[in-house]
Amino acid sequence: MQVTLGWLKRYVEIEESAQEIADLLTRQGLEVSECASVRPRLEGVITARVASLEAHPSSEGLWICRLDTGGEDRSVLCGAQNLAEGDCVPLAVPGTSLPGGKLIEAVTIHGVFSEGMLCSERELELSEDHAGIMKLPADTPPGLELEKALRLEDDVLDIEVTPNRPDCLSVIGVAREIAAKKRRELRFPKISLEERLPSSGEVSSIEILAPEACPRYVARVIEDVRVGPSPFWLRRLLGLVGLRPINNIVDVTNFVMLEWGQPLHAFDLDRLAESRIVVRKARDGERITTLDGEDRKLSGEDLLICDARRPVALAGVMGGLESEIHDGTTRVLLESAYFEPRGIRRTSKRLGISTEASYRFEREIDIEGCLRAADRAAGMITSLGEGRLLAGALDVYSMPYRPGKIRMMLSRINRLLGTSLEKEEVLGHLRGLEMRVEDDAGEVFEVTPPSFRPDLRMEMDIIEEVARLYGYDEIPPDMPKAPVSVVRPDSERRAEDLARDVLVGLGFCEVVNYSFTGPDLFEPLGFSTGDIRAKPVALQNPLSEAQGFLRTTLAGSLLETTAMNLRRRNRDLRLFELGRVFLHRGDEALPEERKMLAAVMVGGRYAEGWNQPDDSVDFFDLKGALETLLDAFRIESFEWKRPEQNSYLHPGCSGGILINTTKIGCAGRLHPSVQEAFGMEEEVYFFEIGLEALASHVDHPLRYRPFARRPPVERDLALVLDETVPYSRVIDRMREHADPRVTAIELFDLYEGPPVPEGKQSMAFRITYQDPSRNLTDEEINKIQEAFLSRLLPGLGASLR
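Here goes a summary of the coordinates provided. (Residues numbered from 1 in each chain as written. Predicted model: local features only at pLDDT ≥ 70, side-chain atom pairs only at ≥ 80, totals over all residues. Heavy atoms only, no water.)

### What to know about the overall build of the chain
As a reminder, the rule being used: A run of H or I in DSSP counts as a helix once it spans at least four residues, and a run of E counts as a strand once it spans at least two, with each numbered from the N terminus. Note that the radius of gyration is over C-alpha atoms, with the globule rule given as 2.2 Å times the number of residues to the power 0.38. Each residue gets one of three labels from its accessible area relative to the maximum for its type: buried under 20%, exposed over 50%, partly exposed in between, using a 1.4 Å probe on protein chains only. By the convention used here, residues are in contact when the closest approach between their heavy atoms is within 4.5 Å. The Shrake-Rupley method, run with a 1.4 Å probe sphere, supplies the accessible areas, and residue values consider only the shown protein chains as cover. Neither His nor the chain ends contribute to the count of charged residues, in which Lys and Arg are positive and Asp and Glu negative. The atoms used to mark charge sites are NZ of Lys, CZ of Arg, CG of Asp and CD of Glu.
When you go through the chain residue by residue, the secondary structure sums to 21 helices and 39 strands. The C-alpha radius of gyration of the chain comes to 41 Å, more than 25% above the 28 Å expected for a compact globule of 801 residues. The principal-axis extent of the C-alpha atoms belonging to the chain is close to 135 × 80 × 55 Å. Going through the 801 residues of the chain one by one, you find that 50% of them count as buried. Considering only residue pairs separated by 6 or more positions, the chain has 68% of its internal contacts joining residues 24 or more positions apart. When the accessible surface of the chain is summed, it comes to about 40500 Å², and 48% of that surface belongs to carbon and sulfur atoms. Taking the 99 positively charged and 133 negatively charged side chains of the chain as two groups, their mean positions are separated by 4 Å.

### Quick notes on the sheet that holds strand β2 (residues 31-38)
What counts here: By definition, two strands form a pair when at least two bridges between them are found by DSSP. Lines fitted to C-alpha atoms define the axes here, with helix axes fitted over just the stretch in contact, and angles between the N-to-C directions of these axes take values from 0 to 180 degrees.
Judged by pairing direction, the sheet is antiparallel, and its three strands sit side by side in the order β1-β10-β2 without closing on themselves. Edge positions in the sheet fall to β1 (2-4) and β2, since each of these pairs with one other strand and no more. On average, adjacent strands in this sheet sit at an angle of 25° to one another, irrespective of strand direction. Direction of pairing for β2 relative to strand β10 (residues 154-160): antiparallel, over a ladder of seven bridges. Bridging across to β10, Ala36 finds its partner in Val156.

### Here's the deal with the packing of aromatic side chains
Heads up, the rule is: In this scheme Phe, Tyr and Trp rings, the latter by its six-membered ring, pair at centre separations within 6.5 Å, and the angle between planes marks the pair as stacked below 30 degrees, edge-to-face above 60, and tilted otherwise.
Applying the stated criterion across every chain, the model contains eight aromatic pairs. Ring geometry for Trp7 and Phe255: centres 5.0 Å apart, planes at 20°, overall stacked. Of the two residues, Trp7 sits in helix α1 (residues 5-8) while Phe255 sits in helix α7 (residues 248-260), which places them 248 residues apart along the sequence. For the pair Trp7 and Phe255, a shared accessibility class is recorded, and that class is buried. On the numbers, 6.4 Å between centres and 15° between planes, the contact of Tyr727 with Phe765 is stacked. Here Tyr727, found in helix α20 (residues 727-737), pairs with Phe765, found in strand β38 (residues 760-769); they are 38 residues apart in sequence, far enough to count as distant. The exposure class assigned to Tyr727 is partly exposed, which follows from its relative accessible area of 36%.

### Some words on the sheet that holds strand β39 (residues 799-800)
On the basis of which strands lie adjacent, the open sheet formed by four strands has the order β37-β38-β36-β39 and antiparallel pairing. Lying at the two open borders of the sheet, with one neighbouring strand each, are β37 (742-751) and β39. Relative to β38, strand β36 (residues 713-722) runs antiparallel, the two sharing 10 bridges. In the sheet register, Asp716 faces β38, and the bridge partner there is Arg766.

### Things to note about the pattern of salt bridges
Threshold: Salt bridges are defined by distance alone: a side-chain nitrogen of Lys or Arg within 4 Å of a carboxyl oxygen of Asp or Glu.
All told, the structure shown has 65 salt bridges when counted by the stated rule. Salt-bridge contacts for Glu121 lead to Arg235; the nearest nitrogen and oxygen are separated by 2.7 Å. With a gap of 114 residues between them, Glu121 in the loop between β9 (117-118) and α3 (146-149) and Arg235 in helix α6 (residues 232-240) connect regions that are remote in the sequence. The two residues Glu121 and Arg235 agree in class, both being buried. The partner of Arg774 in a salt bridge is Glu780, with the nearest N and O atoms 2.5 Å apart. Classification of Arg774 as partly exposed rests on a relative accessible area of 35%. Residue class for Glu780 comes out partly exposed when judged on its relative accessible area of 22%.

### Digging into unusual backbone geometry
Look at the link from Leu197 to Pro198: it is a cis peptide, with omega at 5°. With respect to the helices and strands, Pro198 occurs in strand β11 (residues 195-199). Cis geometry is found at the peptide bond from Pro754 to Pro755, where omega equals 5°. Within the secondary structure, Pro755 is located in the loop between β37 and β38. Residues other than glycine seldom take positive phi values, yet Ser275 does so here, at roughly 55°. Note that Ser275 resides in the loop between β14 (264-268) and β15 (276-281).

### Quick word on the nonpolar core
We apply this condition: What makes a nonpolar core is a set of buried Ala, Val, Leu, Ile, Met, Phe, Trp, Tyr and Cys residues whose side-chain atoms join them at distances within 4.5 Å.
Leu8, Leu25, Leu157, Ile159 and Val256 are the most contacted members of the largest nonpolar core, which has 54 residues in total. Of all hydrophobic cores here, the second largest spans 43 residues; its members include Val279, Leu304, Ala315 and Ala337.

### Description of α6
Among the nine residues in α6, seven count as buried, and that is most of the element. For α6, the set of buried residues is Phe232, Leu234, Arg235, Arg236, Leu237, Leu238 and Leu240. Turning to α6, the residues buried within the fold contact β1, α1, β2, β10 and α7. At the C-terminal side of α6, Gly242 shows a positive phi close to 95°.

### As for the packing of helix α14 (residues 491-505) against helix α17 (residues 619-632)
As a reminder of what qualifies: Comment on the angle field: the value is read as roughly parallel under 35 degrees, roughly antiparallel over 145, roughly perpendicular from 65 to 115, and oblique elsewhere. We call a crossing left-handed when the near helix sits turned anticlockwise from the far one by less than a right angle, and right-handed when that turn is clockwise. Residues are grouped as follows: Ala, Val, Leu, Ile, Met, Phe, Trp, Tyr, Cys and Pro are nonpolar; Asp, Glu, Lys and Arg are charged; every other residue, Gly included, is polar.
Running from N to C, α14 and α17 cross one another at 140°; their axes reach a closest spacing of 10 Å. Judged on the interaxial angle alone, α17 and α14 are oblique. Taken as a pair, α14 and α17 cross one another with a handedness that is right-handed. Taken together, the residues of α17 that come into contact with α14 (itself represented by Leu498, Ala499 and Val502) are Thr628, Leu629 and Ala632. Residue classes in the contact of α14 with α17 are distributed as five nonpolar, one polar and no charged.

### Describing the packing of α7 against helix α10 (residues 370-383)
Two elements in contact, α7 and α10, have axes separated by 9 Å at closest approach and are oriented at 140°. Considered as vectors, α7 and α10 are oriented oblique to each other. The element α7 and its partner α10 pack so that their crossing is right-handed. Seen from α7, the contacting residues are Ile249, Val252, Phe255, Val256, Glu259 and Trp260; seen from α10, they are Arg372, Ala373, Arg376, Ala377, Met380 and Ile381. Its residues placed into classes, the contact of α7 with α10 shows nine nonpolar, no polar and three charged.

### What about a nonpolar patch on the surface?
Here is the rule: Surface patches are defined over residues having more than 30% relative accessible area and no salt bridge, joining like charges when they lie within 9 Å and nonpolar side chains (Val, Leu, Ile, Met, Phe, Trp, Tyr) when within 5 Å.
Residues Leu416, Met458 and Met460 make up a contiguous nonpolar surface patch of roughly 270 Å² in combined accessible area. With respect to the secondary-structure elements, Met458 resides in the loop between β26 (444-448) and α13 (459-470). By relative accessible area, Met458 is classed as partly exposed at 48%.

### Side note on the pairing of strand β18 (residues 303-306)
Every second residue of β18 is oriented toward a common face, with Leu303 and Ile305 on one face and Leu304 and Cys306 on the other, all of them buried. Direction of pairing for β18 relative to strand β19 (residues 311-314): antiparallel, over a ladder of three bridges. Bridge assignment links Leu304 to a residue of β19, and that residue is Leu314. Between the end of β18 and the start of β19, which pair antiparallel, lie four residues.

### Overview of the environment of Glu160
Applied cut-off: Under this definition, polar contacts are N or O atom pairs within 3.5 Å; protein pairs additionally need one hydrogen-donor-capable and one acceptor-capable atom, and for neighbouring residues in sequence, both atoms have to be side-chain atoms.
Summarising the element assignment, Glu160 is placed in strand β10. Look at Glu160 and you get partly exposed, because its relative accessible area is 42%. Sequence separation between Glu160 and Glu34 is 126 residues, and the spatial gap between their C-alpha atoms is 9.4 Å. Discounting residues that sit within four places of it in the chain, Glu160 has contacts with Glu31 and Ser33. A polar contact is formed between the side chain of Glu160 and the side chain of Ser33, at a distance of 3.3 Å.

Here is the structure:
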């Protein structure tokens, strides 16, 4: 929001410098990001009145202008054709250097002496208008410096208005803040209307078919309008705050929008079918061509301003091309309405249109100010001599504003702020912000916020206003007093921390990716139609087309990060990610959220070096990392199940991970087609597991076991089994039938080939026996081993080798 200091001075007395005002506003929560001085270089340019005009005797098109400069008369030659006797114009006297660098000298042209140059607005760099000599207000005295005559020196404040303060998206709103802080009078602009018959209701009408989206619609009708350029002061003011002047009608609507914060729109009444306004929701697929020339396809959520036959404006966002004001417009309908903020924001974001009007409507304007703004604009247009205002305003107010009251206590205000404010001081601050206060004799009082402050809804909001005006820097600092307690993180957070510690200790680096994804990241994963991960949840307002969905797996984003690193020649990678995935739940509004842990390994097993083998990671490196992670959570009853039916993993080198027969994730080598889709040549190994399964084990207690004082005894055992029997089945059965004195069972050899029969395999295990109370004899161990084998071999169909 840009505002000039000169404009603010129209409404409040300001003695301070622009920088002091900027500091004041910043301390009150309205950060001023820039304070720029506007100082045109117009030394030597004065005001002059045209006393007489005489055609040059020997040069057609030139005029000899006799000028009154307040103290002396001057003669100047001029070729402009827009001059008349009595006009007040800017004169650059000899010796003046114009802003563009041109030096003015006294010269003789065709025998006539010229003492200076009459200037256009563009020559003075005041605007781009070069159609003729600039004309000053008729009551401007001659002989004044142009800068002082037009008050061209000013300061522009660029204010960062927070979304909860729509009232400060107006000059009067900013002036109100200054007046309240400095305890000065706020002067509102006078609205003077000269209405004439017929009434507005006789030439136009308003029908609202969507009152929930448009609770109020005000219209004023002006006839006999003459569309043309705005006066210089208005064009200059709009230009200083970043708006391009268009014509006198549109410029007035923009001026009032900036003054009061109420967006207005002007329709050419003769272009409205039946001179009617109908406010309704759009039909799906309906189209409108907006003022920027773009053809827009609408949805049923968009609000339209229509005439009797067609849409003429996109409500609260942008007008329509077919009903805009043009040079031939003679009748104008001024719109001043309140539109529901959320609907305007949805339309603006969906269509990618952001305008000064939509910016204000999205943040909620003052519904009680609609008529006032319409009257102000109508009065300005007619005061400029540009039309005849019809009697009465069309005002459809279907849902009138009902202010709420907030009960306040002085003691509570002081207790929360740490102050000792008197009641009258508090009430003075609130009344300065135009709040209505109902005061009784005690410390309790009721506050009614004004309609232009939708952010004031509860007691804390009012207390904040007191703090702002009293001054945050005036509140004495006080260290908060509160008991310090240590809150133990929940199991999910502890599981995250432990998983991070383990994986970082194994040489992995954590990556953080967006939860948003696009088809280019999940389609290559090849999920089947029935897989819930193949149906990502679509976002209504995505940041970009590439981030239009919520991810259903960490695989896509983690593999994309891996591919990006490989393209940058980071060859040896160990990456992991902890993040949420979002799964569609049918007709339910919100998706199911699951916290997942995923990791990838690619490249060399060891860091490159003269004393390290040139080995690449394989499935067993990934399996080892995963088993180390599960061991850290003291999960012993996990098993591998293969083949893993997962579309993005290699069917011959992958497996599911089960805990107590419940699948918690998968691991394996990336499928070659997926690897190719992500542009990776190296073999990539990946796992993804649910963090919830780990979190349920994070609190498993550690049990102390005394150090064994008796020596262990090891016996080797080689079993011949069918080649289809997996290791997991063998080790589970061995643990099931093992004697309590067996402390460890380790596989140390796996062999296929002669002399082992074809179709068979040999697994060799080392079994450790140990009794904590005494030494075991060979005879005892032999008996234990025999009993163990008698239970083990039949169930596996195995024999001793």
